[in-house]
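So you can see what is in the structure, the chains are spelled out below.
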Amino acid sequence: ATASLEGSARAWAGRTIALPTNLPTRIPEADRARIVAASRRAMQHVLAGTDRATGMIVASIARQAPYGLDWPRDGAFFDYALDVAGIAGNVTRRLDWALPLARTEPVTRAQINPLTDPVPPVDPRTGAREYPAAAWEMNYYNTGAMGGFFRFEIDNTALMVWTAAVHLAFVPEGERRALADRWYPQVRRSADLLAEWRDAMTGLHAPANEDDNAAFTQTLHGAVTVYAGLEAAARMARLVGRDDDGDRWARRAGELRDATLRAFYDAR
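For clarity, every value in this text was computed on a predicted model and none was experimentally measured.

Some thoughts on the packing of aromatic side chains
Inference 1: Summed over the entire model, instances satisfying the criterion amount to 7 aromatic pairs.
Inference 2: Between F152 and W197 the ring centres are 4.8 Å apart and the planes differ by 75 degrees, which places this aromatic pair in the edge-to-face class. One end of the pair, F152, is in the loop between β2 (130-131) and α5 (154-167); the other, W197, is in the loop between α6 (173-196) and α7 (220-239), and 45 residues separate them in sequence. Here F152 matches W197 in class, with each residue buried.
Inference 3: Ring pairing ties together the aromatic residues Y80, W162 and F170, which thus form one cluster.

Structure, rendered in structure tokens:
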């Protein structure tokens, strides 16, 4: 399995990638062999699904069109798996491709294609129906063209912010600050969107698409991902010396945490 995985990595990257040989000690001995085999097989799929030209990672190499694209939400978990496996360079390459794909301008109701695009959500900042700037689309082809029709999945954007910030912990210390400075402008725009997409009545995130659902909702799924994105962005802000941003996002994360507990926690 090790030789096969390393062969896949060499075939993809054209160079040998050193994979960690030490195994977590918390795996029960009775399950260790099965878990290691499944993990290695899963990593082979991630490497096989990585586009040679751009570094984007498809959700699946299946021919079914929507899955043969890079989904920001799925990619965040692929990123973390690659980081833990010691292949952080692949993550940097994917994020260099994916971070600039966020919308630079909002898409108003008048601009959408009524045959393919659902009606946008209400922007709590303006009261207008629009897909906000600084958010990522549902999924992308390797050309950067969007491939989906749910135009503002709030968990998609939250997990893109989260993965960009968390990845920095796996980057060599001497390279970390330069990479953080390069990515920070986009992370800042998207983290501000997450912080401002707020329900003034409850303190939760305002309604948006969550996890490929057509309805605009406020559930635990959106709340925990927005919380994670804001917490991670606040740490990244402090790394680059923007404590003002970090404090603002941390305050909003705390408010969202408290609202989440009020809305969704049931002691019974």
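So much for the structure itself; the text now carries on.
Structural notes on α6
Inference 1: Compared with the 34 Å implied by 1.5 Å per residue over 24 residues, the 32 Å span of α6 between its first and last C-alpha is a close match.
Inference 2: If you look at α6, its biggest bend is around 50 degrees, right at Y184, and the proline P185 turns up within four residues after that.
Inference 3: For α6, the set of buried residues is L179, A180, W183, Y184, Q186, V187, S190, A191, D192, L193, L194 and A195.
Inference 4: Check the buried side of α6 and you find it contacts α4 (88-98), α5, α7 and α8 (243-264).

Structural notes on the packing of α5 against α7
Inference 1: Remark: α5 packs on α7, axes separated minimally by 8 Å, with the N-to-C direction vectors making an angle of 30 degrees. As the angle between them shows, α5 and α7 are arranged roughly parallel. Along this stretch, α5 crosses α7, giving a crossing that reads as left-handed. On α7, the residues touching I154, D155, A158, L159, V161, W162, A165 and V166 of α5 are H221, G222, T225, V226, A228, G229, A232, A233 and M236.
Inference 2: Of the residues assigned to the contact of α5 with α7, the class counts are 12 nonpolar, 4 polar and 1 charged.

With respect to a nonpolar patch on the surface
Inference 1: On the surface, Y80, V84 and F170 cluster together to form a nonpolar patch covering roughly 260 Å² of accessible area.
Inference 2: Along the chain, Y80 turns up in helix α3 (residues 72-84).
Inference 3: We classify Y80 as partly exposed; its relative accessible area is 37%.

Remarks on the environment of R151
Inference 1: Within the fold, R151 resides in the loop between β2 and α5.
Inference 2: Given a relative accessible area of 7%, R151 falls into the buried group.
Inference 3: Between the alpha carbons of R151 and V107 there is a distance of 9.3 Å; along the sequence they are 44 residues apart.
Inference 4: Among all residues touching R151, those that are not within four sequence positions of it are R103, V107, D117, Y131, W136, E137, M146 and N209.

Here's the deal with unusual backbone geometry
Inference 1: Its identity is not glycine, yet A134 carries a phi of approximately 75 degrees, on the positive side.
Inference 2: Note that A134 resides in the loop between β2 and α5.
Inference 3: By relative accessible area, A134 is classed as buried at 7%.
Inference 4: Even without being glycine, D212 reaches a positive phi, approximately 65 degrees.
Inference 5: Looking at the secondary structure, you find D212 in the loop between α6 and α7.
Inference 6: Under the relative-accessibility criterion, D212 is labelled partly exposed at 30%.

Definitions and limits used
Residues numbered from 1 in each chain as written. Predicted model: local features only at pLDDT ≥ 70, side-chain atom pairs only at ≥ 80, totals over all residues. Heavy atoms only, no water. Phe/Tyr/Trp six-rings, centres within 6.5 Å; stacked < 30°, edge-to-face > 60°. Helix = DSSP H or I, 4+ residues; strand = E, 2+ residues; numbered from the N terminus. Buried < 20%, exposed > 50% of the residue type's maximum accessible area, 1.4 Å probe, protein only. Expected span 1.5 Å × (residues − 1). Bend = angle between axes of the 7 residues up to and from the residue. Contact = heavy atoms within 4.5 Å. Axes fitted to C-alpha atoms, helices over the stretch in contact; angles between N-to-C directions. Parallel < 35°, antiparallel > 145°, perpendicular 65-115°, else oblique. Left-handed = near helix turned anticlockwise from the far one by under 90°. Nonpolar A, V, L, I, M, F, W, Y, C, P; charged D, E, K, R; others polar. Patch = residues over 30% accessible without salt bridge, like charges linked within 9 Å, V, L, I, M, F, W, Y side chains within 5 Å. Areas by Shrake-Rupley, 256 points an atom, 1.4 Å probe, with all protein chains shown as cover. Salt bridge = Lys/Arg side-chain N within 4 Å of Asp/Glu carboxyl O.

The values reported here are purely geometric and, on their own, carry no functional implication.
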